[in-house]
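Analysis of the macromolecular model
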Amino acid sequence: MILFFTVIICFITSFDSRILFNRYFGSFIKSAILVAIPFISWDIWFTAKGVWWFNTDYTLGIVIAGLPLEEWLFFIFIPFSCVFTYFCFDKFFKLGWLSALNNLIVFVSVIICSVMALLHYDKIYTLMTAIATIATLIYLHFIAQVDWIGKASLVFTILMLGFFPVNGVLTGTGIETPIVNYNPGDFLGIRILTIPIEDAVYGYTQFLLVLYFFKRFKHIDDESKK
């Protein structure tokens, strides 16, 4: 139900003649699957180690490689809504000025994540999330030299309005027991309502990577249609 209501409005609106995001479904699917491969591998590993686990009372009961089917779908449905939102903001608003914030966002984020990784290297979720975020930002900013990190960061901040209710329910807000449970020894213990702060950083990194590959595949598709 959470996945359905997260994606349905974005999916239907994709066919609106003013948006036509449906033209890029192929580009999105390729980018989402490409990024999902390492993230699902990470998910399977953490589940096997007991870093987190799932309450199957709230799922269909179909488990693949230790993960509920819904967890697999999470890596398609949630990025879809995020990339669709970015696509709309990029289409209807002039946000190029945010490129001026790229350096600030990257340097501050890398410093904070580095400090967290050094201080809490014994907490595997915190450590892995920090390393993944650092590597992603360094690659995008210094190697790929993208100019949209500021724009993507603003959109992700706006997406937090949806992130809190969705992840809140998953982590126990409004229900008797959490759908996703975490080993207290493997993360900082800092929660936004019921949501571990690592979840927000994890989501940011996943969003940046899916968006990066989406833009690349979209460019290829656009060029082939000329």
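So, here's what we can say about the structure.

All right, on to the overall build of the protein then. Along the protein, the regular secondary structure elements total 7 helices and 6 strands. For the protein, the α and β elements follow one another from N to C terminus as α-α-β-β-β-α-α-α-α-β-β-β-α. Its C-alpha radius of gyration of 18 Å places the protein within 12% of the 17 Å reference for a compact globule of 226 residues. Projected onto its principal axes, the C-alpha positions of the protein cover 50 × 40 × 30 Å. Among the 226 residues that make up the protein, the fraction classed as buried is 46%. Restricting the contact set of the protein to residue pairs at least 6 apart, pairs at least 24 apart contribute 77%. Total accessible area on the protein stands at roughly 11,700 Å², and carbon and sulfur atoms take up 70% of it. One finds the centroid of the 14 positive side-chain charges in the protein at a distance of 13 Å from the centroid of its 15 negative side-chain charges.

On to the nonpolar core. Membership of the largest hydrophobic core comes to 65 residues, with the highest contact counts inside it found for Phe 21, Trp 52, Tyr 125 and Trp 148. Not counting chain neighbours up to four residues away, the residues in contact with Trp 52 comprise Trp 42, Asp 43, Phe 46, Thr 47, Tyr 125, Val 180, Asn 181, Tyr 182 and Tyr 202.

What follows deals with the pattern of salt bridges. Using the criterion set out here, one finds 4 salt bridges in the structure. Here Lys 151 ties to Asp 90 by a salt bridge, and the two come within 2.8 Å at their closest N and O atoms. Of the two residues, Lys 151 is situated in helix α6 (residues 149–170) and Asp 90 in helix α3 (residues 69–92); the sequence distance between them amounts to 61 residues. The class of Lys 151 is buried, set by a relative accessible area of 14%. What makes Asp 90 partly exposed here is its relative accessible area of 34%.

What follows covers unusual backbone geometry. A positive phi is found at Leu 20, a non-glycine position, where the angle reads about 55°. Tracing the sequence through the fold places Leu 20 in the loop between α1 (2–13) and α2 (25–49). With a relative accessible area of 22%, Leu 20 lands in the partly exposed category. At Gln 145, a position not held by glycine, the phi torsion is positive, near 55°. Within the secondary structure, Gln 145 sits in the loop between α5 (124–143) and α6. Residue Gln 145 is classed as exposed on the basis of its relative accessible area, which comes to 60%.

What follows covers α3. The terminal C-alpha atoms of α3, which comprises 24 residues, lie 35 Å apart, in line with the 34 Å expected from a rise of 1.5 Å per residue. Phe 75 marks where α3 bends most, by close to 30°; the proline Pro 79 follows one to four residues later.

Turning to a nonpolar patch on the surface, a few remarks are in order. There is a patch of nonpolar side chains on the surface, built from Phe 107, Ile 111, Val 115, Leu 119, Ile 138, Tyr 139, Phe 142 and Ile 143 and spanning about 760 Å² of accessible area. At the level of elements, α4 (102–119) and α5 are the ones that each hand at least two residues to the nonpolar patch. Take Ile 143: it is sitting in helix α5.

Cut-off values and rules
- Here the residue numbers are simple positions, counted from 1 along each chain's written sequence.
- Where local features are concerned, this predicted model is filtered to residues with pLDDT of at least 70; where side-chain atom pairs are given and counted, the filter is 80 or more; whole-chain, interface and lining totals use all residues.
- Neither water nor hydrogens contribute to the side-chain values; these are computed over all heavy atoms in the structure.
- Working definition: helices are DSSP H or I runs of at least four residues, strands are E runs of at least two. Numbering for both runs from the N terminus.
- Here the radius of gyration uses the C-alpha set of atoms, whereas the globule reference equals 2.2 Å times the residue count to the power 0.38.
- Partly exposed residues are those whose accessible area sits between 20% and 50% of the maximum for their type, while under 20% is buried and over 50% is exposed, using a 1.4 Å probe and protein chains only.
- Any two residues whose heavy atoms approach within 4.5 Å are treated as being in contact.
- Under the convention used here, a 1.4 Å probe and the Shrake-Rupley method define accessible areas, while residue burial counts only the protein chains that appear.
- Note on charges: Lys and Arg go in the positive column, Asp and Glu in the negative column, and His and the chain ends are not counted at all.
- Note on charges: their place is set at NZ of Lys, CZ of Arg, CG of Asp or CD of Glu.
- Only buried residues count toward a nonpolar core, which is a set of Ala, Val, Leu, Ile, Met, Phe, Trp, Tyr and Cys residues joined through side-chain atoms within 4.5 Å.
- The term salt bridge refers to a pairing of a side-chain nitrogen on Lys or Arg with a carboxyl oxygen on Asp or Glu at a separation within 4 Å.
- A helix is expected to span 1.5 Å multiplied by its residue count minus one.
- One axis fitted to the seven residues ending at a residue, another fitted to the seven starting there: the angle between these axes is the bend at that residue.
- Distance thresholds for patches are 9 Å for like charges and 5 Å for nonpolar side chains (Val, Leu, Ile, Met, Phe, Trp, Tyr), applied to residues having over 30% relative accessible area and no salt bridge.

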